[in-house]
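# Notes for the structure review
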Protein chains: 2
Amino acid sequence: MSIRVIVADDQEIARTGLTMILNAQPDIEVVGEAADGRRAVELARRLRPDVCLFDIRMPGLDGIEATRSLAGPNVDSPLAVVVITTFDLDEYIYAALRAGARGFLLKNAGADMLSHAVHAAANGDALIAPSITARLLEAFARTGSGSPPVRPIEVLTDREEQILVTVARGRTNNEIADEFHISLSTVKSHIASLMAKLGARNRVEIAMWAYETKRV
Amino acid sequence: MSIRVIVADDQEIARTGLTMILNAQPDIEVVGEAADGRRAVELARRLRPDVCLFDIRMPGLDGIEATRSLAGPNVDSPLAVVVITTFDLDEYIYAALRAGARGFLLKNAGADMLSHAVHAAANGDALIAPSITARLLEAFARTGSGSPPVRPIEVLTDREEQILVTVARGRTNNEIADEFHISLSTVKSHIASLMAKLGARNRVEIAMWAYETKRV
DNA sequence: TTCGGCATCCACCGAACGGTTGACGGGGAT
DNA sequence: ATCCCCGTCAACCGTTCGGTGGATGCCGAA
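In what follows, the accompanying structure is described. Note that the structure is predicted; figures quoted are calculated from it, not measured. (Residues numbered from 1 in each chain as written. Chains lettered and ligands numbered in written order. Predicted model: local features only at pLDDT ≥ 70, side-chain atom pairs only at ≥ 80, totals over all residues.)

Our next topic: the sheet that holds strand β4 (residues 80–85) of chain A. All names here are of chain A. The strand order across the open sheet formed by six strands is β2-β1-β3-β4-β5-β6, and the pairing between neighbours is parallel. Of all strands in the sheet, those bounded by a partner on one side alone are β2 (28–34) and β6 (127–128). In terms of strand pairing, strand β3 (residues 51–55) meets β4 through five bridges, oriented parallel. Residue pairing for β4: Leu53 is matched across the bridge by Val82. The strands touched by helix α1 (residues 12–23) are β1 (3–8), β2 and β3; relative to β2, the strand with the most contacts, the crossing angle is about 165°. (Pairing = 2+ DSSP bridges. Helix = DSSP H or I, 4+ residues; strand = E, 2+ residues; numbered from the N terminus. Contact = placed C-beta atoms within 7 Å. Axes fitted to C-alpha atoms, helices over the stretch in contact; angles between N-to-C directions.)

Now for the interface of chain A and chain B. In this complex, chain A contributes 28 residues to the contact, which on the side of chain B involves 28 residues. Elements with a contribution of two residues or more to the side of chain A that touches chain B: α1 and α10 (203–212) of chain A. Tallying contributions element by element places α1 of chain A first for the side of chain A that touches chain B, with nine residues. Tallied by class, the residues present in the side of chain A that touches chain B amount to twelve nonpolar, eight polar and eight charged. (Nonpolar A, V, L, I, M, F, W, Y, C, P; charged D, E, K, R; others polar.)

Turning next to the packing of helix α8 (residues 173–180) of chain B against helix α9 (residues 184–198) of chain B. All names here are of chain B. Where α8 meets α9, the closest approach of the two axes is 8 Å, and the angle between their N-to-C directions is 110°. The angle between α8 and α9 falls in the class roughly perpendicular. Along its contact with α8, which presents Asn173, Asn174, Ile176 and Ala177, the element α9 presents Leu184, Val187 and Lys188. Of the residues in the contact of α8 with α9, the class split is four nonpolar, two polar and one charged. (Parallel < 35°, antiparallel > 145°, perpendicular 65-115°, else oblique.)

Residue and element names in this part refer to chain B. The strand order β2-β1-β3-β4-β5-β6 describes an open sheet built from six strands, whose pairing is parallel. Two strands in the sheet have a free side with no partner beyond their single neighbour: β2 (28–34) and β6 (127–128). When strand β5 (residues 103–106) meets β6, the two strands line up parallel, connected through two bridges. Among the inter-strand pairings, Gly103 is bridged to a residue of β6, identified as Leu127. Contacting β1 (3–8), β2 and β3 (51–55), helix α1 (residues 12–23) crosses the sheet at an angle of about 165° to β2.

All names here are of chain B. Counting buried positions along strand β4 (residues 80–85) gives six out of six residues, so the element sits mostly inside the fold. Every second residue of β4 is oriented toward a common face, with Ala80, Val82 and Ile84 on one face and Val81, Val83 and Thr85 on the other, all of them buried. Two strands pair when backbone bridges link them, and β4 and β5 are joined in this way by three bridges, in the parallel orientation. Across the sheet, the residue bridging to Ile84 is Leu105, located in β5. (Buried ≥ 20, exposed ≤ 12 C-beta atoms within 10 Å, placed from the backbone.)

Time to look at the protein's contact with DNA strand C. DNA strand C sits among 19 residues. The nearest are Thr172 and Asn173 of chain A together with Thr157, Ile182 and Ser185 of chain B. Breaking the surface near DNA strand C down by element, the ones donating at least two residues are α8 (173–180) and α9 (184–198) of chain A together with α7 (158–168) and α9 of chain B. Looking at the surface near DNA strand C element by element, the count peaks at five residues for α9 of chain A. Split into classes, the residues belonging to the surface near DNA strand C amount to four nonpolar, ten polar and five charged. (Near = placed C-beta within 6 Å.)

Structural measurements only, silent on function.
Take a look at the structure:
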């Protein structure tokens, strides 16, 4: 019997690529696709696949949240979720693993890595991209404890996400205020909470974050 | 006879996705794939496809350079190249178009957009993602001229290049001054000339430029 | 040698940014 | 009905940034 998988990614190109690569494996079958987190969760609940493959960046419910609601600590019959993303930022990795992910891959992973990760997840094991594993171990060594040095990624609100992008495009606060028809104060509020949530010290670091997570 | 296409992208997932979506079209056939710019150019020279679909970000020779050497101003029998990228930043677009691209798409484009762009390129037309087109027109309107608002890249000095990177990493002027053991004034001088040369209005736009040109 | 480019520095000033505190209404959850 | 989060806004204040107009010394090319 083949491993039943669902794939969720907001980019049609990536979604098709993942699906095709997995379907090319003799013992893997993609039984569903979704373009956002909410539908991914619905689909997973309905189909109960052996493995869910989620992109982190998705509109609405992101991959982390989706993972949490399918494989989180308080879920009774958790599904196996493999999270995939373009950049290997620590915040994401820890958040994904804490959310219950059984795997963490980068989008530049090849077909081999991909199918290995799916097989591992289906077997109750977990596969993490080697480059990430190294940093994970290092992090464990640094803290000397069993708990990873997690900066809990706080989920950005819709408005914050919008502001984030404009900041990363080099807009000034005044320009942002005009663009969204809100006051300068409000823009500063949003940017303040962005800095707090992302741990950024200034707007350039906000822009950095946006770039590194391909939000620009 | 179907349209012969080659696809170049360093991410296997995206490459597979693009190939599958295009092969699903009755009159399009993907005749080759490449994972970096150099091989893409070789492949294109050998196969002479009707359309080349290039990602901008590729190791070695990037998509822009690859486009230039296949469709640039001084090429005698130019091929039709469609450039695709995740980012829709102006520098990329202009660079791609100046390099001779016959299309410019974002990676979040759907299958429709993709096949339309390939068809257009094969017919000697050009298709650009709507969101980008709007900004292009706006830019043309701003300059009021028929020539694209191309900014000739002035060469950065070594020092400027160094400062550029630190700015893009979110450092403040004071931190940069400490890091290089120079005065705050000097940092400001360099940043001023950076802004002048790059046409940036503030340091975030400097950071943008650094990210877009893979300097970070 | 003279000229220009580069890197260094200074002073001044207004604009933009970042931090803080507090406030208000709406909506969803309990 | 209550509470909390979100989005909105205000006032205030210090810091940082960006702009201007210089200055100096060094080096290499003309």
